[in-house]
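Residue-level structural notes
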Amino acid sequence: GDRFISNRGAMDWDVAHFNLFNENESPSNKTEAHLEVASPSKEAYKKQLAQRLLGEDGSYSPKILALKDKSLLSPKARDIALNNVYPPPNAETARSPRKHFRQIPQSPERILDAPELIDDYYLNLLDWSSRNVVAVALGPSVYLWNANSGEVKQLMQTSDAASDDYVTSISWACDGKHLSIGTNTAEIQLWDVEAQRQVRTLRGHGARVSCIAWNGCTLASGSRDNTIMQHDVRSREHVTATLFGQHSQEVCGLKWSPSGQQLASGGNDNLLHIWDAQSISHRTHVHRLEHHQAAVKALAWCPFQSSLLASGGGTADRCIKFWNTTTGALVNSVDTHSQVCSLQWSKHEREILSSHGYSRNQLCLWKYPNMLKMAELNGHTSRVLHMAQSPDGYSVVSAAADETLRFWKPFGQPEPSAAKNRVSGSARSVLKSINIR
């Protein structure tokens, strides 16, 4: 059986030996020994010796056997330590509801057909506006689906004169009223969605426009001609900067940071570049990141931590990487075991959603920063090329090569007391008082 083992390190052998043998002395011997100490100098010496050996008051009485050390904490420090482990209840914690485990729906809440959705990894054919309207490019046409009313309408169709012309990228302006559309004939069309009319055409690229990113009144575009252009939609001479020589193959991913101070660009040359908005006209990047082993299309800026960027690699890479864009350091990397097509951060939790290609064609929800997989959302039968997030941050729509749009609720449900969706002040029209020429 178990037995106690004494802790010899906590024992004072000399004092214990004295006490043990002193108990066996007769009272007469103790009295005689006491009477022998008659000199005041000896009394003072004995007192000082006792204080040095036994403590300030000379009352130290060690046990012969000690099973554990005494606590080194003062009573006050011990109370603080216990309160940290067992915090006392108070009115605030008693009133606050306990946070329950969130159930993540495994099936989509809605499925829409998307015929003629082009199966091309390098295109960007889906976006969700701040006014709760989903835009999707299907071949030569762009369709709009109003999430509030369920109304579907066709916005535009490319010219029939060019049989090889089709939509290659779309992106909403932050006002939710204007939509930019890139085409295979190297044009960027700006549309007023409410008026359903084209207000301007931007030219300059020499090949198809694969990606578009808005930043206020400026627009960045990436192309198969390996260049990035910055456009000011207020100016007649709209091209304010042309970045060439940095990417050696098609630019397929562009994203502005939430602050609008940095631009991330990914290309089919496996490179990721970080650009500063103030010095982008000088055509010099802030960081050149070469860690991916395949095309970098999936890009997403973190909404709760500044200068944190997530990027996803193609089939030969299969990794989601996290970057500190201030220092250029690689913060973390996780192998997803399949092509990463798109990334979306949660606006409410420290989570990130990824969409994938072969072989599972699934959506994965990850907990950041430990990157534990919280859920897998299955249903698509071909690679999930695109994702877009609703303005309230709870819903996500995915578009896949199986020609379907699926609507998911991976980021929870809005609070019951929350008001109806409104257009935030930051989403007001930046083009309201601007003449787009």
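A quick note: this is a predicted structure, and the numbers were derived from the prediction, not measured.

Analysis parameters
Positions within a chain are numbered from 1, following the residues in the order the chain's sequence is written. The predicted nature of this model means local features are confined to residues of pLDDT at least 70 and side-chain atom pairs, given and counted, to a pLDDT of 80 or more, with totals for whole chains, interfaces and linings taken over all residues. To get the side-chain values, take all heavy atoms of the structure and skip hydrogens and water. Pairing of aromatic rings covers Phe, Tyr and Trp, the last through its six-membered ring, and needs centres within 6.5 Å; plane angles under 30 degrees mean stacked, over 60 mean edge-to-face, and all others mean tilted. Secondary structure elements are taken from DSSP: a helix is a run of H or I of four residues or more, a strand is a run of E of two residues or more, and numbering for both begins at the N terminus. Here the term buried applies to any residue with accessible area under 20% of the maximum for its type, exposed to any over 50%, and partly exposed to those in between, with areas from a 1.4 Å probe on protein chains only. Should the NZ of a Lys or the CZ of an Arg lie within 6 Å of a ring centre and within 35 degrees of the ring normal, that charge is described as sitting over the ring. A pair of sulfur atoms, both from cysteines and within 2.5 Å, is called a disulfide here. Strand pairing requires that DSSP identify at least two bridges connecting the strands. A fitted line through C-alpha atoms serves as each axis, taken over the contacting stretch for helices, and the angle formed by two N-to-C directions is quoted from 0 to 180°. We define a salt bridge as a side-chain nitrogen of Lys or Arg found within 4 Å of a carboxyl oxygen belonging to Asp or Glu.

So, the packing of aromatic side chains
The final tally for this structure, using the stated rule, is eight aromatic pairs. Here the aromatic rings of Trp145 and Phe407 are separated by 4.8 Å at their centres, their planes lie at 50°, and the arrangement is tilted. In this pair, Trp145 is assigned in strand S4 (residues 141-146) and Phe407 in strand S28 (residues 404-408), connecting sequence segments 262 residues apart. By the burial criterion, Trp145 is buried, and Phe407 matches it. Ring centres 5.5 Å apart and planes at 90° place the aromatic pair Phe304 and Trp345 in the edge-to-face group. Taken together, the residues span a long stretch of sequence, with Phe304 in the loop between strand S18 (296-301) and strand S19 (308-313) and Trp345 in strand S22 (residues 340-345) at a distance of 41 residues. Overall, Phe304 belongs to the partly exposed group, its relative accessible area being 30%. Residue Trp345 is classed as buried on the basis of its relative accessible area of 4%. Clustering of aromatic rings is evident, with ring pairs tying together Phe304, Phe322, Trp345 and Tyr368. Over the ring of Tyr121 we find Lys297, and its NZ or CZ is 5.3 Å from the ring centre.

Things to note about the state of the cysteines
Note: disulfide means a covalent bond formed between the sulfur atoms of two cysteine side chains. This model, assessed by the stated rule, comprises zero disulfides. Free of any disulfide, Cys174 has its nearest cysteine sulfur in Cys217, 7.7 Å distant. On the accessibility criterion, Cys174 (32% relative accessible area) is partly exposed.

Some remarks on the pairing of strand S23 (residues 351-356)
With respect to burial, S23 is a largely interior element, six of its six residues being buried. Alternating residues of S23 divide into Glu351, Leu353 and Ser355 and Ile352, Ser354 and His356, and every residue in both groups is buried. In terms of strand pairing, S22 meets S23 through five bridges, oriented antiparallel. Pairing of Leu343 across the sheet is with Ser354, part of S23. Counted along the chain from S22 to the antiparallel partner S23, the turn is five residues long. Note that S23 and strand S24 (residues 363-367) share five bridges and pair antiparallel. What sits directly across from Leu353, in S24, is Leu365. Between the end of S23 and the start of S24, which pair antiparallel, lie six residues, with Asn361 showing a positive phi angle near 55°.

Regarding unusual backbone geometry
Cis geometry marks the peptide bond from Tyr358 to Ser359, where omega comes out at 15°. Relative to the helices and strands, Ser359 resides in the loop between S23 and S24. For the bond from Tyr368 to Pro369, the omega torsion is 10°, close enough to zero to count as cis. By the element assignment, Pro369 lies in the loop between S24 and strand S25 (372-377). Positive phi, normally seen in glycine, also occurs at Asn270, with a value near 70°. Structurally, Asn270 is set in the loop between strand S15 (262-267) and strand S16 (272-276).

A word on the sheet that holds S4
Read from one edge to the other, the open sheet built from four strands follows the order S2-S3-S4-S5, with strand pairing classed as antiparallel. Strand pairing shows two members of the sheet lacking a second neighbour, strand S2 (126-128) and strand S5 (152-157), which therefore form its edges. Pairwise comparison of adjacent strand axes, ignoring direction, gives a mean angle of 20° for this sheet. Direction of pairing for S4 relative to S5: antiparallel, over a ladder of five bridges. Paired with Tyr143 across the two strands is Gln154, which belongs to S5.

Focus on the pairing of strand S14 (residues 251-256)
With five of six residues buried, S14 lies mostly within the body of the structure. Count of turn residues in the S14/S15 antiparallel hairpin: five residues, of which Gly260 carries a positive phi of about 75°.

Remarks on the pattern of salt bridges
Under the defined criterion, the tally for this structure stands at twelve salt bridges. Note that Arg318 is salt-bridged to Asp335, the shortest N-O span being 3.6 Å. Note that Arg318 is positioned in the loop between S19 and strand S20 (319-324) and Asp335 in strand S21 (residues 329-335), a separation of 17 residues in sequence. Judged by its relative accessible area of 32%, Arg318 falls in the partly exposed class. A residue is classified by how much of its surface remains accessible, and Asp335, at 34% relative accessible area, is partly exposed. Salt bridges sharing common partners tie together Asp120, Arg208, Arg224 and Glu250.

The quantities given are spatial measurements derived from coordinates; they are silent on function.
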